[in-house]
Amino acid sequence: MMTQVESALPGFRIAVRELCGFTARRGGLDLRFTPAPSALEGMAGHRAVAARRAPGYEAEIALSGRFEALEVRGRADGFDASLHRVEEIKTYKGRLDRQSPAQRELHWAQARVYGWLMCAARGFDAIDIALIYFDIDTERETEFVEQWTAVALRAHFEEHCRRFIHWARQEAAHRTARDGALRELAFSHQEFRAGQRDLAEAVYRATARGRVLLAQAPTGIGKTAGTIFPALKAMPGQSIDKLFYLSAKTSGRQLALNALHDLRASGAAPVRVLEMVAREKACEHPGSACHGDACPLARGFYDRLPEARADALSEPAQLLDQESVRSVALVHGVCPYYLSQELARWVDVVVGDYNYFFDAGGLLHALTLANDWRVALLVDEAHNLTDRARSMYSAALEPAALGQAMRSPTAMASPRVKKALAAVKRQWVALDEGQSTDYAVHDAFPKSLLGALMQCVQAASEHFADHPDMLDAQLQAFQMEVLQVLRLLESFGDHSLVDQQRADPPGRLHSRGSGPGSVISIRNIVPAPHLAGRWEAAHAATLFSATLQPMRFHADLLGLPGDHLTLAVASPFHADQLSVRVARHISTRYAHRSQSVAQVVQLMARQFEARPGNYLAFFSSYEYLQQVADALGQQHPRIAHWRQSRRMAEAEQREFLARFTETSQGIGFAVLGGAFAEGIDLPGKRLIGAFLATLGLPQFNAVNEQISRRMDTIFTGCGHDYTYLYPGLQKVVQAAGRVIRTPQDEGVIHLMDDRFASPQVRQLLPAWWRVPHLRG
């Protein structure tokens, strides 16, 4: 009789790549066979190989097979009927003889599984299996061929399945228990807050219908719990494999972990939760290369991985935050960062940064495609995604990076690398000499410089392939900059600019032979074309924030599908809680800034004297902040104040916030859009008011003007609003949202600029604010 666990297994499936990664990987971590081709380069390489084959060659053949209750699926790269062989194609850069035996064996394991699946699908008694390595740079193929009978291939396939089947049964049992518990999961609090139920219902409906939801919900209603709970509830009914909670900031991720802890505790749901952190935060041996000869935690990584993985997932419900993963990793002597990447395959919820899904090389996105997962996304503080996505799909060549590369040990030791770097410098300087203005936009990336960069990357790659144990941080940093540029050029379009901005004053450029003096960038303006595929890859997604007005602005820039849903949750707060005052006699425009200092100080002092307490004051720049703070300190020394500084460490940020207590009084000076303008919670008397001495508009300069013109072309007539007005007012509303955090809070906001009185600006402020038409 079939057991309950076995009856759950027919639905368990795994991709060929993941099966072999689980059963055939041996030895240690070794990232020396790099840099790897980009996804686009890889696809181009596959197409190049297929184009060389005889007529009738089949590419990308969907195959599947079963062993007992396990389904194995994948796509064979190619089948050449004229040679009666299945091909597994791998693209690479550098020297193939530097590839580790363990990596080669993993590739053979995949190829042999595809060999059996092809035999089973076509009824072959035997087949040739070819492992094809395609050099991206030289377009040279290296092939290795084996002859196999179907009987032997079937035995090979079943052996790998047997190694996995125990784990498959365990995972199937976990999935059954997880889904059953999620169906019964209760909300972690006694009742929903005002507005929170509306948000939760909308998230559930969108997730159940497989739609993208853009949800604006006010600060203080509990957006984190109000999105996670319904998304978890929808998972069983929609056969959702994973929930990814993605945030721009550490504070947002911690709130999600706290909410998940509460939900799991309240419902005893066996949900596995993993926190993913950046490599630099997880690395135990900074400065060491990721291979066994340099790092003890890389040595034998895959040999020790099975026990570490089993240990990490041993509890029915695990919250694998950074410290928990680290503890397990160190017990088993493996790298915490790469252990977390392996665990991402087997958990139910991943909490991590935007880049894990939205970046071009995002791990979670790659795993979703490779495993054909059904995933749901929760995108926290989604108003931040546009700028973050722009940075993901932008790249810059810095003169300093080239200079450091030219002084690197490799450049001193390798004539070829030195020559290649000199050619880059020569073409870059020539480009500078032809630039008549401080800022210029090119129709395309300059061909002469592009050719030099490509030769430079090839020279550096071959040098590192010949010297795999050599560390040269300066050259590698420049190489990574160039590779990012080259990869972005593969998908270059109207959504981006190629621009050149002088870094040094005219006349200083080549006076001492110092090399190029401009920064050359691929500057993404509209990330929509890059992100559209991410929404397609997800079953459902909810993007939420307190500031998403106007919603069409965010939908346009983020590339949301045309049938996306929208929701604007009414605020639980009322106008009597917040006194909004507009200082129409003050102008904080750059030209008027110096004369505004006295007016701003006078207004702040008057408010503080009328109602002593804790306030936050936001400014457009550190320079403006310092001018006002200095004046306040001189004219009103009895008013305590403290200031945000550039590049504050986390400890300094905590110290800044610690000044806001229930009994303290003073004014904290901060920069709009900085660490204290969003994501902080100072309820009650910890914060009773805010001063906003800025409209938040981005600086008026050549770069932003070029962006505005491009926006005007793409989104007809919206250039100024999309570049300046909407991003600026979004920051203002975020900062002002620090004041009222609970239904019991009361406070005041001073909008210190005459432009806040204009109808166009007023309509972008929260509807529940009672903004006076005439008030000084």
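Here, residues in each chain are numbered from 1, in the same order as that chain's written sequence. Given that the model is predicted, a residue must reach a pLDDT of at least 70 before its local features are reported, and side-chain atom pairs must reach 80 or more before they are shown or counted; all residues, however, enter totals for whole chains, interfaces and linings. Hydrogens and water molecules were not included; the side-chain quantities draw on all heavy atoms of the structure.

Caption draft 1: Region of the structure containing the packing of aromatic side chains. Under the pairing criterion, centres of Phe, Tyr and Trp rings, with the six-membered ring standing for Trp, must be within 6.5 Å; the plane angle then separates stacked pairs below 30 degrees from edge-to-face pairs above 60, leaving the rest tilted. By the definition in use, this model includes 31 aromatic pairs. Both rings, one in Y722 and one in Y726, keep their centres 5.8 Å apart while their planes meet at 50°; by these two values the pair is tilted. Within this pair, Y722 and its partner Y726 are both found in helix α27 (residues 719-736), separated by four residues, close to a single helical turn. Across this residue pair, the class does not change: Y722 and Y726 are buried. The way it works is that DSSP assigns letters per residue, a run of H or I at least four long becomes a helix, a run of E at least two long becomes a strand, and they are numbered from the N terminus. Each residue gets one of three labels from its accessible area relative to the maximum for its type: buried under 20%, exposed over 50%, partly exposed in between, using a 1.4 Å probe on protein chains only.

Caption draft 2: Quick look at the sheet that holds strand β23 (residues 689-692). Across the sheet, which stays open at both edges, the six strands sit in the order β19-β24-β23-β20-β22-β21 with parallel pairing between neighbours. Pairing within the sheet leaves two strands with one partner each, and these edge strands are β19 (578-582) and β21 (641-643). Sheet twist, expressed as the average angle between the axes of neighbouring strands with direction ignored, equals 15°. Bridging between β23 and strand β24 (residues 747-751) involves four bridges; their strand directions are parallel. Bridge assignment links G689 to a residue of β24, and that residue is V748. The strands that helix α24 (residues 622-635) touches are β20 (614-619), β21 and β22 (666-671); relative to β22, the one it contacts most, it runs at about 160°. When DSSP finds at least two bridges between two strands, those strands are taken to pair. Axis lines are fitted to C-alpha atoms, over the contacting stretch for helices. Their N-to-C directions set the angle, which ranges from 0 to 180 degrees. Contacts were defined at the residue level, with two residues in contact if any of their heavy atoms lie within 4.5 Å.

Caption draft 3: Structural detail: the pattern of salt bridges. Think of a salt bridge as a Lys or Arg side-chain nitrogen and an Asp or Glu carboxyl oxygen that are within 4 Å of each other. The full count for this structure, using the stated rule, is 39 salt bridges. Of the charged contacts, one joins E323 and R326 as a salt bridge, the two residues approaching to 3.6 Å between their closest N and O atoms. Of this pair, E323 and R326 both sit in helix α11 (residues 322-332), three residues apart, which is roughly one turn of that helix. Relative accessible area serves as the criterion here: at 31%, R326 is assigned to the partly exposed category. One salt bridge in this structure joins R646 and E623, with 2.6 Å as the shortest N-O distance. With R646 in the loop between β21 and α25 (650-658) and E623 in helix α24, this pair connects stretches of sequence that are 23 residues apart. For R646, a relative accessible area of 42% translates into the label partly exposed. When its relative accessible area of 44% is taken as the criterion, E623 is described as partly exposed. Each of the salt bridges in this network shares a partner with another, and the network as a whole consists of R52, R53, R85, E87, E139, E141 and E143.

Caption draft 4: Structural detail: the environment of G684. Within the fold, G684 resides in the loop between β22 and β23. Overall, the relative accessible area of 29% leaves G684 in the partly exposed class. Distance from G684 to R741, taken between C-alpha atoms, is 7.8 Å for residues 57 residues apart in sequence. Aside from chain neighbours lying at most four places away, what touches G684 is E662 and D745.

Caption draft 5: View of the side chain of Q734. The topology assignment puts Q734 in helix α27. Accessibility expressed as a relative area gives 4% for Q734, which makes it buried. Setting aside anything within four residues of it in sequence, one finds Q734 in contact with E381, H383, S545, A546, T547, A677 and E678.

Caption draft 6: Representation of the state of the cysteines in the model. Note on terminology: pairs of cysteine sulfur atoms within 2.5 Å are recorded as disulfides. Per the counting criterion, the structure on display carries zero disulfides. Between C283, a free cysteine, and C295, which holds the nearest cysteine sulfur, the sulfur-to-sulfur gap is 6.4 Å. Residue C283 is classed as partly exposed on the basis of its relative accessible area of 31%.

Caption draft 7: Representation of the side chain of E41 in the model. Within the element layout of this structure, E41 appears in helix α3 (residues 39-51). Residues contacting E41, with those up to four places away along its chain left out, are K93, I136, R487 and E490.

Caption draft 8: Structural view of the nonpolar core. Remark: nonpolar core denotes a set of buried residues (Ala, Val, Leu, Ile, Met, Phe, Trp, Tyr, Cys) joined through side-chain atoms within 4.5 Å. F164, F358, L377, F478, W535 and L543 are the most contacted members of the largest nonpolar core, which has 133 residues in total. At ten residues, the largest contribution of residues to this core is made by helix α4 (residues 101-122). Setting aside residues up to four positions removed in sequence, L543 forms contacts with V212, L213, L214, A215, V379, A382, L385, W535, L548, L558 and L560. Counting residues in hydrophobic clusters, the runner-up holds 51 residues, among them V526, M648, A670 and V761.

Caption draft 9: Spatial organisation of unusual backbone geometry. The peptide bond linking Q549 to P550 adopts the cis configuration, its omega dihedral lying at -10°. Backbone geometry places E139, a non-glycine residue, at a positive phi of 60°. Mapped onto the fold, E139 is located in the loop between β5 (126-135) and β6 (141-149). Residue classification places E139 among the partly exposed positions, given a relative accessible area of 46%.

Caption draft 10: Broad picture of the sheet that holds strand β13 (residues 395-397). If you trace the four strands from one edge of the open sheet to the other, you get β13-β16-β15-β14, paired in antiparallel fashion. Whereas interior strands pair on both sides, the edge strands pair on one side only; in this sheet they are β13 and β14 (439-442). Direction aside, neighbouring strands of the sheet carry axes that sit 20° apart on average. The pairing of strand β15 (residues 496-502) with strand β16 (residues 518-524) spans seven bridges and is antiparallel. When the sheet's bridge partners are listed, S496 is paired in β16 with N524. Sheet strands in contact with helix α18 (residues 415-433) are β13, β14, β15 and β16, and its direction is about 90° off that of β16.

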